[in-house]
Amino acid sequence: MLEMFELDFMRQAFIAAVLVGAAAPAVGVFLVQRRLSLIGDGLGHVALAGVAIGVLTGAAPTWTALVAAILAACVIEAIRLRGNTNADVALAVMFYGGIALGVVLLAKAPADQGASMTTYLFGSILTTQADELWQFAVLAVIALGATTVLRKRLFAVANDEEFARAVGLPVMRTNLLLSVLTSVTVVLSMRVIGLLLISALMILPNATGQLLGRSFRASTTWAVVVGVLCGAVGVAASYQLDTPSGGTVVLTAVLIFIVVSLVAAARRAIILRRARAGTHPHRHYDGCGHDAVLHADHVDYLHDGHHHAAHDDHWDEHAPTRETSGRTTNEEHV
(Lines give C-alpha, C1' and ligand atoms only; values in the text may rest on other atoms or scores of the structure.)
Protein backbone atom coordinates (compact mmCIF):
# COMPACT_ATOMS: atom_id res chain seq x y z
CA MET A 1 0.00 0.00 0.00
CA LEU A 2 2.83 2.36 0.92
CA GLU A 3 4.63 1.61 -2.35
CA MET A 4 1.50 2.46 -4.34
CA PHE A 5 1.17 5.75 -2.47
CA GLU A 6 4.80 6.65 -3.15
CA LEU A 7 4.37 5.73 -6.83
CA ASP A 8 1.31 7.97 -7.19
CA PHE A 9 3.04 10.71 -5.24
CA MET A 10 6.11 10.68 -7.51
CA ARG A 11 3.95 10.56 -10.63
CA GLN A 12 2.07 13.67 -9.51
CA ALA A 13 5.29 15.46 -8.63
CA PHE A 14 6.87 14.62 -11.99
CA ILE A 15 3.85 15.78 -13.95
CA ALA A 16 3.77 19.06 -12.05
CA ALA A 17 7.52 19.55 -12.53
CA VAL A 18 7.31 18.89 -16.28
CA LEU A 19 4.43 21.33 -16.67
CA VAL A 20 6.33 24.04 -14.80
CA GLY A 21 9.60 23.27 -16.58
CA ALA A 22 7.97 23.67 -19.98
CA ALA A 23 5.87 26.78 -19.28
CA ALA A 24 8.38 28.92 -17.36
CA PRO A 25 11.09 29.17 -20.08
CA ALA A 26 8.46 29.57 -22.83
CA VAL A 27 7.19 32.74 -21.16
CA GLY A 28 10.52 33.82 -19.70
CA VAL A 29 12.23 34.12 -23.09
CA PHE A 30 10.13 37.20 -23.90
CA LEU A 31 10.78 38.72 -20.47
CA VAL A 32 14.52 38.35 -21.09
CA GLN A 33 14.12 40.16 -24.41
CA ARG A 34 12.26 43.02 -22.72
CA ARG A 35 14.88 43.16 -19.94
CA LEU A 36 12.24 42.32 -17.37
CA SER A 37 13.84 39.11 -16.19
CA LEU A 38 13.09 39.68 -12.51
CA ILE A 39 9.46 40.73 -12.90
CA GLY A 40 8.44 37.23 -11.85
CA ASP A 41 9.84 37.89 -8.37
CA GLY A 42 7.66 40.96 -7.96
CA LEU A 43 4.52 39.20 -9.12
CA GLY A 44 5.38 36.34 -6.80
CA HIS A 45 5.39 38.75 -3.86
CA VAL A 46 1.90 39.92 -4.70
CA ALA A 47 0.72 36.36 -5.38
CA LEU A 48 1.62 35.45 -1.81
CA ALA A 49 -1.00 37.92 -0.61
CA GLY A 50 -3.51 36.19 -2.90
CA VAL A 51 -2.56 32.83 -1.41
CA ALA A 52 -3.15 34.17 2.09
CA ILE A 53 -6.56 35.54 1.13
CA GLY A 54 -7.52 32.17 -0.30
CA VAL A 55 -6.40 30.35 2.84
CA LEU A 56 -8.31 32.70 5.16
CA THR A 57 -11.51 32.71 3.10
CA GLY A 58 -11.51 29.00 2.34
CA ALA A 59 -11.18 29.61 -1.41
CA ALA A 60 -8.68 27.80 -3.64
CA PRO A 61 -5.30 29.56 -3.06
CA THR A 62 -4.28 28.89 -6.67
CA TRP A 63 -7.10 30.99 -8.10
CA THR A 64 -6.93 33.80 -5.54
CA ALA A 65 -3.18 34.02 -6.12
CA LEU A 66 -3.82 34.15 -9.88
CA VAL A 67 -6.30 37.02 -9.49
CA ALA A 68 -3.86 38.97 -7.31
CA ALA A 69 -0.96 38.42 -9.73
CA ILE A 70 -3.00 39.42 -12.79
CA LEU A 71 -4.19 42.61 -11.09
CA ALA A 72 -0.58 43.41 -10.19
CA ALA A 73 0.48 42.75 -13.80
CA CYS A 74 -2.13 45.22 -15.07
CA VAL A 75 -0.94 47.86 -12.60
CA ILE A 76 2.67 47.30 -13.72
CA GLU A 77 1.76 47.89 -17.35
CA ALA A 78 -0.25 51.01 -16.44
CA ILE A 79 2.70 52.42 -14.50
CA ARG A 80 5.11 51.57 -17.31
CA LEU A 81 2.92 53.25 -19.95
CA ARG A 82 2.64 56.45 -17.93
CA GLY A 83 6.42 56.63 -17.69
CA ASN A 84 6.23 58.19 -14.25
CA THR A 85 9.61 59.09 -12.79
CA ASN A 86 8.46 57.51 -9.51
CA ALA A 87 7.53 54.23 -11.21
CA ASP A 88 10.27 52.27 -9.42
CA VAL A 89 9.04 53.48 -6.06
CA ALA A 90 5.45 52.59 -6.92
CA LEU A 91 6.44 49.09 -7.98
CA ALA A 92 8.53 48.61 -4.85
CA VAL A 93 5.59 49.62 -2.67
CA MET A 94 3.32 47.15 -4.47
CA PHE A 95 5.77 44.25 -4.43
CA TYR A 96 6.96 44.56 -0.84
CA GLY A 97 3.50 45.49 0.36
CA GLY A 98 2.20 42.32 -1.25
CA ILE A 99 4.67 40.00 0.43
CA ALA A 100 4.25 41.77 3.77
CA LEU A 101 0.48 41.39 3.54
CA GLY A 102 0.88 37.73 2.67
CA VAL A 103 3.16 37.11 5.66
CA VAL A 104 0.77 38.83 8.08
CA LEU A 105 -2.35 37.09 6.77
CA LEU A 106 -0.77 33.63 6.69
CA ALA A 107 0.33 34.09 10.29
CA LYS A 108 -3.35 34.56 11.19
CA ALA A 109 -4.46 31.41 9.38
CA PRO A 110 -5.71 28.53 11.56
CA ALA A 111 -3.06 25.91 12.19
CA ASP A 112 -5.32 23.07 11.03
CA GLN A 113 -5.42 24.59 7.53
CA GLY A 114 -1.74 23.84 7.10
CA ALA A 115 -0.86 27.27 5.76
CA SER A 116 2.93 27.06 5.55
CA MET A 117 4.63 30.18 4.21
CA THR A 118 7.78 28.21 3.40
CA THR A 119 5.75 25.92 1.14
CA TYR A 120 4.66 28.80 -1.07
CA LEU A 121 7.92 30.76 -0.96
CA PHE A 122 10.32 27.91 -1.76
CA GLY A 123 8.12 25.11 -3.07
CA SER A 124 7.54 21.59 -1.79
CA ILE A 125 6.69 18.39 -3.64
CA LEU A 126 4.71 17.30 -0.57
CA THR A 127 2.05 19.87 -1.43
CA THR A 128 1.29 18.49 -4.90
CA GLN A 129 -2.15 16.89 -4.78
CA ALA A 130 -3.94 14.91 -7.47
CA ASP A 131 -6.80 17.40 -7.81
CA GLU A 132 -4.34 20.28 -8.23
CA LEU A 133 -2.74 18.67 -11.27
CA TRP A 134 -5.79 19.68 -13.31
CA GLN A 135 -5.30 23.27 -12.26
CA PHE A 136 -1.60 23.07 -13.17
CA ALA A 137 -2.45 21.47 -16.52
CA VAL A 138 -4.97 24.19 -17.41
CA LEU A 139 -2.52 26.99 -16.54
CA ALA A 140 0.34 25.29 -18.40
CA VAL A 141 -1.77 24.79 -21.54
CA ILE A 142 -2.76 28.47 -21.44
CA ALA A 143 0.87 29.61 -21.12
CA LEU A 144 2.31 27.23 -23.72
CA GLY A 145 -0.58 27.67 -26.13
CA ALA A 146 -0.46 31.46 -26.07
CA THR A 147 3.30 31.68 -26.46
CA THR A 148 3.21 29.20 -29.35
CA VAL A 149 0.34 30.78 -31.27
CA LEU A 150 1.46 34.38 -30.67
CA ARG A 151 5.20 33.74 -30.77
CA LYS A 152 5.90 36.05 -33.71
CA ARG A 153 3.86 38.93 -32.28
CA LEU A 154 5.39 38.55 -28.82
CA PHE A 155 8.86 38.43 -30.33
CA ALA A 156 8.30 41.54 -32.44
CA VAL A 157 6.96 43.61 -29.56
CA ALA A 158 9.57 42.39 -27.06
CA ASN A 159 12.40 42.98 -29.54
CA ASP A 160 11.45 46.51 -30.70
CA GLU A 161 8.30 48.19 -29.44
CA GLU A 162 8.67 51.25 -31.67
CA PHE A 163 8.97 49.19 -34.84
CA ALA A 164 6.07 46.96 -33.78
CA ARG A 165 3.93 50.04 -33.16
CA ALA A 166 4.94 51.51 -36.53
CA VAL A 167 3.80 48.40 -38.44
CA GLY A 168 0.46 48.42 -36.65
CA LEU A 169 0.87 45.69 -34.02
CA PRO A 170 -1.21 46.07 -30.83
CA VAL A 171 1.78 46.76 -28.57
CA MET A 172 -0.15 47.64 -25.40
CA ARG A 173 -2.40 44.59 -25.59
CA THR A 174 0.55 42.32 -26.38
CA ASN A 175 2.54 43.62 -23.41
CA LEU A 176 -0.49 43.18 -21.19
CA LEU A 177 -0.93 39.63 -22.46
CA LEU A 178 2.71 38.85 -21.68
CA SER A 179 2.26 40.22 -18.16
CA VAL A 180 -0.82 38.05 -17.66
CA LEU A 181 1.05 34.99 -18.96
CA THR A 182 3.83 35.77 -16.51
CA SER A 183 1.27 35.85 -13.70
CA VAL A 184 -0.10 32.49 -14.85
CA THR A 185 3.41 31.02 -14.86
CA VAL A 186 4.20 32.37 -11.40
CA VAL A 187 1.06 30.84 -9.90
CA LEU A 188 1.60 27.59 -11.80
CA SER A 189 5.08 27.29 -10.31
CA MET A 190 4.50 28.33 -6.71
CA ARG A 191 3.88 24.82 -5.36
CA VAL A 192 6.85 23.19 -7.12
CA ILE A 193 9.46 25.96 -7.43
CA GLY A 194 8.25 28.57 -4.97
CA LEU A 195 7.29 32.20 -5.42
CA LEU A 196 10.80 33.47 -4.63
CA LEU A 197 12.59 31.15 -7.05
CA ILE A 198 10.36 31.07 -10.11
CA SER A 199 12.32 33.81 -11.92
CA ALA A 200 15.33 31.52 -11.92
CA LEU A 201 13.46 28.91 -13.95
CA MET A 202 12.33 31.62 -16.37
CA ILE A 203 15.87 32.92 -16.91
CA LEU A 204 18.44 30.12 -16.51
CA PRO A 205 17.03 27.66 -19.10
CA ASN A 206 16.86 30.54 -21.59
CA ALA A 207 20.46 31.48 -20.86
CA THR A 208 21.41 27.85 -21.53
CA GLY A 209 19.25 27.76 -24.67
CA GLN A 210 21.05 30.80 -26.08
CA LEU A 211 24.32 28.88 -25.80
CA LEU A 212 22.89 25.83 -27.57
CA GLY A 213 20.65 27.36 -30.26
CA ARG A 214 21.61 29.44 -33.28
CA SER A 215 18.23 31.08 -33.78
CA PHE A 216 15.42 32.38 -31.60
CA ARG A 217 13.24 29.36 -32.30
CA ALA A 218 16.07 26.90 -31.63
CA SER A 219 17.09 28.72 -28.45
CA THR A 220 13.51 28.69 -27.18
CA THR A 221 13.16 24.99 -27.95
CA TRP A 222 16.38 24.23 -26.10
CA ALA A 223 15.20 26.38 -23.18
CA VAL A 224 11.97 24.39 -22.86
CA VAL A 225 13.89 21.10 -23.06
CA VAL A 226 16.33 22.26 -20.39
CA GLY A 227 13.44 23.51 -18.23
CA VAL A 228 11.67 20.15 -18.40
CA LEU A 229 14.94 18.36 -17.62
CA CYS A 230 15.60 20.62 -14.63
CA GLY A 231 12.10 20.07 -13.30
CA ALA A 232 12.22 16.29 -13.61
CA VAL A 233 15.77 15.84 -12.33
CA GLY A 234 15.30 18.41 -9.56
CA VAL A 235 12.13 16.84 -8.22
CA ALA A 236 13.65 13.35 -8.32
CA ALA A 237 16.77 14.58 -6.52
CA SER A 238 14.76 16.48 -3.92
CA TYR A 239 12.75 13.34 -3.16
CA GLN A 240 15.86 11.20 -2.79
CA LEU A 241 17.83 13.81 -0.82
CA ASP A 242 14.85 15.08 1.21
CA THR A 243 15.51 18.69 0.17
CA PRO A 244 13.13 21.50 -0.88
CA SER A 245 12.03 20.91 -4.46
CA GLY A 246 12.30 24.56 -5.52
CA GLY A 247 15.89 25.01 -4.44
CA THR A 248 16.89 21.64 -5.89
CA VAL A 249 15.33 22.40 -9.27
CA VAL A 250 17.03 25.80 -9.44
CA LEU A 251 20.40 24.33 -8.44
CA THR A 252 19.97 21.78 -11.23
CA ALA A 253 19.36 24.63 -13.68
CA VAL A 254 22.47 26.44 -12.39
CA LEU A 255 24.57 23.29 -12.76
CA ILE A 256 23.37 22.65 -16.31
CA PHE A 257 24.08 26.26 -17.26
CA ILE A 258 27.62 26.08 -15.85
CA VAL A 259 28.37 22.79 -17.63
CA VAL A 260 27.02 24.05 -20.98
CA SER A 261 28.94 27.32 -20.57
CA LEU A 262 32.20 25.47 -19.92
CA VAL A 263 31.65 23.14 -22.88
CA ALA A 264 30.80 26.09 -25.15
CA ALA A 265 33.90 27.99 -24.00
CA ALA A 266 36.09 24.94 -24.57
CA ARG A 267 34.60 24.43 -28.03
CA ARG A 268 35.27 28.06 -28.97
CA ALA A 269 38.84 27.75 -27.73
CA ILE A 270 39.42 24.60 -29.80
CA ILE A 271 37.99 26.22 -32.93
CA LEU A 272 40.13 29.31 -32.43
CA ARG A 273 43.24 27.22 -31.82
CA ARG A 274 42.63 25.20 -34.96
CA ALA A 275 42.08 28.37 -36.95
CA ARG A 276 45.35 29.84 -35.70
CA ALA A 277 47.33 26.64 -36.09
CA GLY A 278 45.93 26.20 -39.56
CA THR A 279 44.36 23.12 -41.08
CA HIS A 280 45.59 23.86 -44.58
CA PRO A 281 45.21 20.67 -46.62
CA HIS A 282 48.43 21.30 -48.54
CA ARG A 283 51.83 22.30 -47.18
CA HIS A 284 53.62 24.58 -49.61
CA TYR A 285 57.32 24.51 -50.36
CA ASP A 286 59.63 25.14 -53.30
CA GLY A 287 58.76 22.71 -56.05
CA CYS A 288 55.39 21.72 -54.53
CA GLY A 289 53.67 22.41 -57.83
CA HIS A 290 52.21 25.84 -57.03
CA ASP A 291 53.61 29.14 -58.26
CA ALA A 292 55.64 31.13 -55.74
CA VAL A 293 55.05 34.90 -55.67
CA LEU A 294 57.22 37.37 -53.79
CA HIS A 295 55.14 39.44 -51.36
CA ALA A 296 56.95 42.06 -49.26
CA ASP A 297 59.41 40.14 -47.10
CA HIS A 298 57.97 36.65 -47.66
CA VAL A 299 56.78 34.27 -50.37
CA ASP A 300 53.16 33.48 -51.14
CA TYR A 301 52.04 30.37 -53.03
CA LEU A 302 49.26 30.66 -55.62
CA HIS A 303 46.66 27.97 -54.83
CA ASP A 304 43.06 27.82 -56.12
CA GLY A 305 43.13 31.49 -57.07
CA HIS A 306 44.36 32.64 -53.65
CA HIS A 307 47.78 33.29 -52.18
CA HIS A 308 48.72 31.19 -49.15
CA ALA A 309 51.55 32.23 -46.88
CA ALA A 310 53.09 30.57 -43.85
CA HIS A 311 53.27 32.83 -40.77
CA ASP A 312 54.69 31.42 -37.55
CA ASP A 313 52.45 28.47 -36.63
CA HIS A 314 49.58 29.15 -39.03
CA TRP A 315 48.70 29.90 -42.65
CA ASP A 316 47.30 33.20 -43.92
CA GLU A 317 45.08 33.23 -46.99
CA HIS A 318 45.14 36.34 -49.20
CA ALA A 319 43.04 37.47 -52.12
CA PRO A 320 44.64 37.15 -55.56
CA THR A 321 47.31 39.74 -56.28
CA ARG A 322 47.24 42.25 -59.09
CA GLU A 323 50.52 42.67 -60.89
CA THR A 324 51.31 46.10 -62.26
CA SER A 325 54.45 46.69 -64.37
CA GLY A 326 55.86 43.38 -63.27
CA ARG A 327 55.55 44.20 -59.53
CA THR A 328 53.09 42.75 -57.03
CA THR A 329 50.73 45.15 -55.29
CA ASN A 330 49.44 44.90 -51.71
CA GLU A 331 46.85 42.17 -51.10
CA GLU A 332 43.65 42.15 -49.11
CA HIS A 333 43.25 39.56 -46.35
CA VAL A 334 40.18 37.34 -46.63
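The rules behind the values
Residues numbered from 1 in each chain as written. Predicted model: local features only at pLDDT ≥ 70, side-chain atom pairs only at ≥ 80, totals over all residues. Heavy atoms only, no water. Helix = DSSP H or I, 4+ residues; strand = E, 2+ residues; numbered from the N terminus. Contact = heavy atoms within 4.5 Å. Areas by Shrake-Rupley, 256 points an atom, 1.4 Å probe, with all protein chains shown as cover. Phe/Tyr/Trp six-rings, centres within 6.5 Å; stacked < 30°, edge-to-face > 60°. Expected span 1.5 Å × (residues − 1). Buried < 20%, exposed > 50% of the residue type's maximum accessible area, 1.4 Å probe, protein only. Salt bridge = Lys/Arg side-chain N within 4 Å of Asp/Glu carboxyl O. Patch = residues over 30% accessible without salt bridge, like charges linked within 9 Å, V, L, I, M, F, W, Y side chains within 5 Å. Axes fitted to C-alpha atoms, helices over the stretch in contact; angles between N-to-C directions. Left-handed = near helix turned anticlockwise from the far one by under 90°. Nonpolar A, V, L, I, M, F, W, Y, C, P; charged D, E, K, R; others polar. pLDDT = per-residue confidence, 0-100.

Across its full length, the chain holds 12 helices and 6 strands. A fraction of 66% describes how many contacts in the chain between residues 6 or more apart in sequence connect residues 24 or more apart. When the accessible surface of the chain is split by element, carbon and sulfur atoms take 63% of a total near 17900 Å².

Right, let's talk about the packing of aromatic side chains for a bit. Throughout the structure, instances matching the rule amount to 2 aromatic pairs. On the basis of an interplanar angle of 50° and a centroid distance of 5.9 Å, the ring pair of F30 and F216 is categorised as tilted. Placement of F30 in helix α1 (residues 2–33) and of F216 in helix α11 (residues 216–241) is noted, with a sequence separation of 186 residues between them. Ring geometry for F155 and F216: centres 4.6 Å apart, planes at 50°, overall tilted.

Here we come to helix α10 (residues 198–212). In an α-helix, one turn spans 3.6 residues; hence positions three or four apart end up facing the same way. Over its 15 residues, α10 extends 22 Å from the first C-alpha to the last, a length consistent with the 21 Å expected when each residue adds 1.5 Å. Listed as buried for α10 are I198, S199, A200, L201, M202, L204, P205, N206, T208 and G209.

Let's shift gears to the pattern of salt bridges. Side chains that differ in sign of charge can pair as their charged atoms come close. One pass over the structure, following the stated rule, counts 2 salt bridges. With a closest N to O distance of 4.0 Å, R165 and E161 form a salt bridge. Of the two residues, R165 and E161 both sit in helix α8 (residues 161–166), 4 residues apart, roughly one turn of that helix. A salt bridge links R165 to E162; the nearest nitrogen and oxygen atoms lie 3.5 Å apart. Of the two residues, R165 and E162 both sit in helix α8, 3 residues apart, roughly one turn of that helix. For R165, a relative accessible area of 41% gives the class partly exposed. By sharing partners, the salt bridges in this structure join E161, E162 and R165 into a single network.

The next point concerns the side chain of S199. One can find S199 in helix α10. Here S199 is in contact with S37, L38, G40 and D41, once residues within four sequence places are set aside.

Structurally, the position occupied by Q210 is in helix α10. It is 7.9 Å that separates the C-alpha atoms of Q210 and A223, two residues lying 13 residues apart in sequence. Once residues lying within four places of it in the same chain are set aside, the contact partners of Q210 are V32 and S219.

In this section: a nonpolar patch on the surface. Among the surface-exposed residues, L211, L212, W222 and V225 lie close enough to one another that they form a single nonpolar patch of about 340 Å² accessible area. When residues of the nonpolar patch are traced back to their parent elements, those giving at least two are α10 and α11. Here W222 shows up in helix α11.

This next bit is on the packing of helix α2 (residues 39–57) against helix α9 (residues 171–189). Contact geometry of α2 with α9 gives a least axis separation of 9 Å together with a crossing angle of 65°. Every pair of crossing elements has a handedness; the one defined by α2 and α9 is right-handed. In this structure, α2 uses I39, G40, L43, G44 and A47 to contact α9, whose residues at the interface are S179, T182, S183 and V186. Its residues assigned to classes, the contact of α2 with α9 comprises 4 nonpolar, 5 polar and no charged.

At D242, a residue that is not glycine, the phi angle is positive and equals roughly 60°. Structurally, D242 can be placed in the loop between α11 and α12 (245–277).

Next up on the list: the confidence of the model for the chain. When pLDDT is averaged along the chain, the result is 77; 75% of the residues meet or exceed 70. Across residues 321–334, where pLDDT falls below 50, the model places 24 contacts with residues more than four positions away in sequence or in other chains.

Its place among the elements puts T182 in helix α9. According to the relative accessible area criterion, T182 is buried, its value standing at 1%. Here T182 is in contact with V27, L31, I39, G40, L43 and M202, once residues within four sequence places are set aside.

Before going further, it helps to spend a moment on α11. In this model α11 runs 36 Å from its N-terminal to its C-terminal C-alpha over 26 residues, within 8% of the 38 Å that 1.5 Å per residue would give. Taken residue by residue, α11 has S219, T220, A223, V226, G227, C230, G231, A232, G234, V235 and S238 as its buried positions. Positive phi appears at D242, one or two residues downstream of α11, with a value of about 60°.

Here we take up the environment of L197. Topologically, L197 is positioned in the loop between α9 and α10. Between the C-alpha atoms of L197 and L121, which are 76 residues apart in sequence, the distance is 7.7 Å. Once residues lying within four places of it in the same chain are set aside, the contact partners of L197 are L121, F122, G246, G247 and V250.

What follows covers the environment of K108. As for its placement among the helices and strands, K108 is situated in the loop between α4 (87–107) and α5 (117–122). A sequence separation of 52 residues divides K108 from L56, and the C-alpha atoms of the two residues are 8.0 Å apart.

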